[in-house]
Amino acid sequence: MSTHNVWTHKGTFLLAAVGSAVGLGNLWRFPYLTGENGGGAFILIYALTIFAVGIPILIAETMLGRASRRSPIMGMRFLIRTHKTSRAWESIGWLGAAAAFLILSFYSVIAGWAIHYTWQMLTGSLVGADAATIGAGFDALLASPGLLTLYHTLFIIASGLIVGLGIHRGIESGLRIMMPALFVILLVVLGYGIANGDFGAAASFLFTFNLADLSLEGWLQAMGQSFFTLSLGMGAIMAYGAYMSSEASLSRTAFAVAFVDTAVAMVAGLAIFSLVFGAGLDAGAGPGLMFVTLPLAFAEMPFGALIGGVFFILVLGAAISSSISLIEPVAAFLVERFDLTRPQAVFAMVVASWALGLLTVMSFNMWAETSPFHTLFGRSAFDFIELLTNIFMPLGGLLIALFAGWALTHSEAMKEMRTSETWFQVWRFLVRFVAPAAVAFVFLRTIPQVEGYLIPAVGALVIVGAFAAGRTFLAENSQQQ
Ligand code: TRP
């Protein structure tokens, strides 16, 4: 059964995909990764990957959604049936659902920090504070499981409510209000950064390319970030693609999404580094860049509390427009597969992800170093969950590229793309060969981190593979009778 929901407007998919793509990845992760990796060279690799790998996979993922018009798991089942290919491709849907749970669980905790800082800014508590005070404030926030859980809960409830209202009344209407507001705020913050900060230093930091500055690790992180920032490889784009108007152009839309997403990251980077350099602070603070360095810059500037508050509202809005796209694929699956109502499905997804998020909450305090989890897996629960998503997202992207490139026929893919034969061939070459090779390269990064689990993981894969092969064999033999 397919529900055949379609967005109200031809352009809504673009709005929704931009909402999903623009998030903490652009405002929080991109600036600090760029800061840690020395600026321009990192951005060069990031941008190249977006164009050569990100856009082709974005097209592929949207195509699978629109061609099946179902939630990712049911959609893959449908495509497998209609193409008589291996059941193993269904793993695209399952990997995506797993990744959605995992990402939402920590995304919501981190977005929760922005609630705290919105509050702190708007109440003026940080005006004139010095580095030690602001640093201690951040440490105190992380040390408090109660506060972190409260913010995490508020954020996930807000996201759940929007998705629970349905794709038209909740997601579309929400995005139509939020997204324009976010762009306005971003421009205000940029203007403020130019007026009060050191724009020249920010621009030369971001746009001076010296490839020699970039380590292999930085290179791999840049490629990983380009997947993360486009929300690729985990079904979010596929789920939204299922509602995409048949008239909208896949390639033009994908270019627009990638362009806006990259532009937002650049503008956010320019604004943040203008303020950071203007206040004479250091760009390489890591994950604390937005929550320690930036509040410090705002603390010293005129109207800093107000603009800082508005900035953290931007962070929150961008995070919510992303988190709703993490809930949608799983909720849509539960509705299609188990006939749940939408509110029930959203509730189930959100409660499970919320509970998983408590592991992330605890990794910053009670469970920091000494927990059984830490001993068992050699890292905190948060780092472990992030590691898993760093495996699932590229893996999902790889499988999506391969399925769209090899399993779909020329005429079928062309029917969705409706472009010139030349551009079609370029796309097909990219998803068949270039994207898989690039993803394989990104995996290099995870190998040293997963060495310890390699043998059990391969063992598990062999067992699952044998089981799947056995089932296929039985199914084929019973058909012949
Ligand atoms: N793209 C989002 C960001 O930049 C993060 C993200 C990754 C995401 N995968 C996703 C969001 C899937 C929604 C759905 O913040």
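See the structure printed just above.
Given the structure is predicted, the values throughout are model-derived calculations rather than measurements.

1. A look at the overall build of the protein
Alright, step 1. A tally of helices and strands in the protein yields 21 helices and zero strands.
Alright, step 2. Counting over 481 residues, the protein shows a buried share of 57%.
Alright, step 3. At a minimum sequence separation of 6, the contacts of the protein that also span at least 24 residues come to 82%.
Alright, step 4. The positive charge centre, built from 21 side chains, and the negative charge centre, built from 24, are 17 Å apart in the protein.

2. Overview of the side chain of serine 325
Alright, step 1. Structurally, serine 325 can be placed in helix H14 (residues 304–338).
Alright, step 2. Discounting residues that sit within four places of it in the chain, serine 325 has contacts with Ser20, Ala236 and Tyr240.

3. With respect to the site of the ligand
Alright, step 1. Lining the immediate environment of the ligand, one finds 17 residues, of which Ala21, Gly25, Tyr107, Phe228 and Met234 sit closest.
Alright, step 2. Measuring from an oxygen atom of the ligand, one finds a backbone N or O atom of alanine 21 at 2.9 Å.
Alright, step 3. One nitrogen or oxygen atom from the side chain of serine 231 is found 3.0 Å from a nitrogen atom belonging to the ligand.
Alright, step 4. Considered on its own, the ligand offers 360 Å² of accessible surface; in the complex 100% of this is hidden by protein.
Alright, step 5. Sorting the residues of the shell around the ligand by element identifies helix H1 (12–21), helix H2 (24–36), helix H5 (91–122), helix H10 (216–229) and H14 as the ones contributing at least two each.
Alright, step 6. In terms of residue class, the shell around the ligand is built from nine nonpolar, eight polar and no charged.

4. What about empty space enclosed by the protein?
Alright, step 1. Scanning the model with the defined rule gives three cavities of 30 Å³ or more in all.
Alright, step 2. Empty space within the largest cavity amounts to approximately 140 Å³.
Alright, step 3. Along the wall of the largest cavity there are 16 residues; nearest its centre are Ser20, Tyr107, Phe228, Ser231 and Ser322.
Alright, step 4. A per-element tally of the lining of the largest cavity places H14 first, with three residues.

5. With respect to the packing of helix H15 (residues 342–363) against helix H17 (residues 381–407)
Alright, step 1. Between H15 and H17, the shortest axis-to-axis distance is 7 Å and the interhelical angle comes to 130°. The angle between H15 and H17 places the two elements in the oblique class. Residues Leu356, Leu359, Thr360 and Ser363 of H15 pack against Ala381, Phe382 and Ile385 of H17.
Alright, step 2. Among the residues forming the contact of H15 with H17, the class breakdown is five nonpolar, two polar and no charged.

6. A few points about the layout of surface pockets
Alright, step 1. Approximately 1,600 Å³ is the volume found for the largest pocket.
Alright, step 2. In this structure, the largest pocket is lined by 37 residues; those nearest its centre are Ala88, Ser91, Leu461, Val464 and Gly465.
Alright, step 3. Looking at the lining of the largest pocket, the elements that each hand over two or more residues are helix H4 (72–83), H5, H17, helix H20 (447–450) and helix H21 (454–480).
Alright, step 4. The leading source of residues in the lining of the largest pocket is H21, at 15 residues.
Alright, step 5. A breakdown of the residues in the lining of the largest pocket according to their chemical character gives 24 nonpolar, seven polar and six charged.
Alright, step 6. Considering only enclosed or pocket space, the second largest pocket measures out at about 620 Å³ in volume.
Alright, step 7. Lining of the second largest pocket is provided by 32 residues; of these, Arg29, Tyr32, Glu386, Asn390 and Arg445 occupy positions nearest its centre.
Alright, step 8. Those elements that provide at least two residues to the lining of the second largest pocket are H2, H5, H10 and H17.
Alright, step 9. Broken down by element, the lining of the second largest pocket gets its largest block of residues, eight residues, from H17.

Calculation notes
Residues numbered from 1 in each chain as written. Predicted model: local features only at pLDDT ≥ 70, side-chain atom pairs only at ≥ 80, totals over all residues. Heavy atoms only, no water. Helix = DSSP H or I, 4+ residues; strand = E, 2+ residues; numbered from the N terminus. Buried < 20%, exposed > 50% of the residue type's maximum accessible area, 1.4 Å probe, protein only. Contact = heavy atoms within 4.5 Å. Lys, Arg positive; Asp, Glu negative; His and termini not counted. Charge placed at Lys NZ, Arg CZ, Asp CG, Glu CD. Near = heavy atom within 4 Å. Polar contact = N/O pair within 3.5 Å; in protein donor to acceptor, adjacent residues only side chain to side chain. Areas by Shrake-Rupley, 256 points an atom, 1.4 Å probe, with all protein chains shown as cover. Nonpolar A, V, L, I, M, F, W, Y, C, P; charged D, E, K, R; others polar. 1 Å grid on protein atoms, 1.4 Å probe; cavity = no way out; pocket = protein on both sides within 12 Å on 5 of 7 lines; lining within 4 Å. Points joined across faces, edges and corners; volume = space filled by probe spheres on them. Axes fitted to C-alpha atoms, helices over the stretch in contact; angles between N-to-C directions. Parallel < 35°, antiparallel > 145°, perpendicular 65-115°, else oblique.

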